Amino acid sequence: MIKSSKKLISSLLHNNLKNTSVLRNSGIICCYSSNNQNNNNISNQDNNNQDNNNNQDNNNNNTNNNNKIINIQNVKGTHDLFPNEQRIHNFIYDTGRDVAERYGFKEISTPIIEPFELFDRSVGEGSDIVMKEMFKFKEYDPKNIGSGPTICLRPEGTAGLMRAIINESSTNHLTPTQRYYYQGAMFRYESPQKGRQRQFHQLGIEMIGDEHPRSDVETIDMAMEFLEKLGVDTSKTLLKINTLGDSDSIKAYNEILTQFYQQNREKLSPISINRLERNNALRILDSKEKQDIELNKMAPLMNESLSTKCRDRFKEVLEGLDCLGITYEIDQSLVRGLDYYRHTIFEIQIIDNPSESQGLAILGGGRYDGLANQIGYKYKEILPSIGWASGIERIALFLNEKLIPKPIKPISIVTTFPTLSINAFKLCSDLRKKGWPTMLSTYHLEKENISKQLKKVINKSDFVIILAPIEFSTNTLIIKNLNEHTQSLVPLNDIEDFLLKNNISKI
């Protein structure tokens, strides 16, 4: 019996099985009729008859529609994560979680829907995100449709986290530094591309309550450590860093930029002209429009507006990076796309071509002192904060897949005789409760022979437990190694020892 099972497994490994499925939809024809007892109103009866005919026609049309095969696609810019892709995402999340916990950060989660005002005030009404990329809508109020507050799907994680701790009153400028990390879905209405969808996922960290330049350095060091643990090729990564200075420096720089763009107004894109009219010239530097990119090459540089204090602070940040051996490139054109940034900002880019100065950003962040004060922080003192975020879909393109843990294959159970199906069911339950990943080849053990059962598990399991009448009567199981094409007789009481010796892991 065992020899025949081995032959069956061998033949199944060399044959492809094709399955076909047919989708059928059935429709129900509903007929309505009415009797008019008022014989004097013949015209109404004729109208009712006409209505009945129309109803029958409509029902026939509905039946025809119901019989059509429906092919409902996912929404543009969204992506289904099947087990293999989810495994990659989980590896990134788990790696980020391990690194964050090592640096003293704790996990937090906020809703994916937020008041639109939160991002209008924090990200900036002149930013690309608020002007072009937000999924926003009125909160539904059945009593007064269209009058509810405007809410949105979150485009990034920082503002929501800050809103949460302000609501909780869990921090102020005197409390110890708070460290949080988060992960989850974000939403931006932009053209889908490789590594960026309209629904995408981020992992990010935020350090709140410390203004020392070393907090900037430690935050960047943590980002580099995260990428290293993912196996991202560091020879292709480049840390770009800049400083925006404090609010006074940004105000002075914005005035210089405004004058420059006013003099070159005819060269600006329509959306950048709109930004200029809103007195938000700094956002033009972040424009993705081709004509703006060319003009920005001639724009005044930020360091011309920095105060001495801001210059000294940035110098201390760079000295800290040098101390830790972190290489970087100062990029004075780097501004990031959010209005709340102050002082240090940075991006880690993938540079595939050394001759190119601009790469693909896989992680970015910066300091956002004062953001809390814009969204309801009740103290007048500035709340210092810094953080970064990384897009999971984009970073998945560059990690070392050899580091990703292989999926766990469950142990499968088959039987050679129908009466053993209940014993197989019980054994499967017992092994699971002891931590062993286990599954039955089928719930129809009593109806399917062993060849059919084995066909269902050869690509799902490395080990198969076979219950056969003679062996099972002596409390013995047959365990087959499908990779090595070997099999062993194992006493029922020794099954866990056998599994451990064969490097099968518990869950």
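Reading guide: rules and limits
- Residues numbered from 1 in each chain as written.
- Predicted model: local features only at pLDDT ≥ 70, side-chain atom pairs only at ≥ 80, totals over all residues.
- Heavy atoms only, no water.
- UniProt positions renumbered as here; feature names shortened; annotations may be inferred.
- 1 Å grid on protein atoms, 1.4 Å probe; cavity = no way out; pocket = protein on both sides within 12 Å on 5 of 7 lines; lining within 4 Å.
- Helix = DSSP H or I, 4+ residues; strand = E, 2+ residues; numbered from the N terminus.
- Buried < 20%, exposed > 50% of the residue type's maximum accessible area, 1.4 Å probe, protein only.
- Contact = heavy atoms within 4.5 Å.
- Salt bridge = Lys/Arg side-chain N within 4 Å of Asp/Glu carboxyl O.
- Patch = residues over 30% accessible without salt bridge, like charges linked within 9 Å, V, L, I, M, F, W, Y side chains within 5 Å.
- Areas by Shrake-Rupley, 256 points an atom, 1.4 Å probe, with all protein chains shown as cover.

Asker: Would you explain the UniProt feature "binding site: L-histidine" (unreviewed entry) in the protein in this entry?
Answerer: Taking the UniProt record as the reference, the feature "binding site: L-histidine" (unreviewed entry) is found at Glu 156, Gly 157, Thr 158, Arg 188, Gln 202, Glu 206, Arg 336, Tyr 340 and Tyr 341. Of the annotated residues named above, the ones that line the largest cavity are Gly 157. Within the fold, Gln 202 resides in strand 6 (residues 199-208). Taking the relative accessible area as the measure of exposure, Gln 202 reaches 9% and is therefore buried. Not counting chain neighbours up to four residues away, the residues in contact with Gln 202 comprise Tyr 93, Glu 156, Gly 157, Tyr 182, Gln 183, Gly 184, Met 186, Arg 188, Ala 389, Ser 390, Gly 391 and Ile 392.

Asker: Got a minute to help me understand the pattern of salt bridges in this structure?
Answerer: Any two side chains of opposite charge can pair if their charged atoms end up close together. Applying the stated criterion to the full structure yields 20 salt bridges. The partner of Asp 216 in a salt bridge is Arg 367, and the shortest N-O contact between them spans 2.7 Å. Of the two residues, Asp 216 sits in helix 7 (residues 213-229) while Arg 367 sits in strand 10 (residues 360-367), which places them 151 residues apart along the sequence. Here Glu 448 makes a salt bridge to Lys 456, at a shortest N to O gap of 2.8 Å. Each of Asp 216, Arg 313, Arg 367 and Asp 369 takes part in salt bridges that share partners, so that together they form one network.

Asker: Could you clarify how one ought to interpret a nonpolar patch on the surface in this entry?
Answerer: On the surface, a cluster of nonpolar side chains totalling about 250 Å² of accessible area is made up of Ile 112, Ile 113 and Phe 137. Along the polypeptide, Ile 113 turns up in strand 2 (residues 113-115). Taking relative accessible area as the criterion, Ile 113 reaches 44% and is therefore assigned partly exposed.

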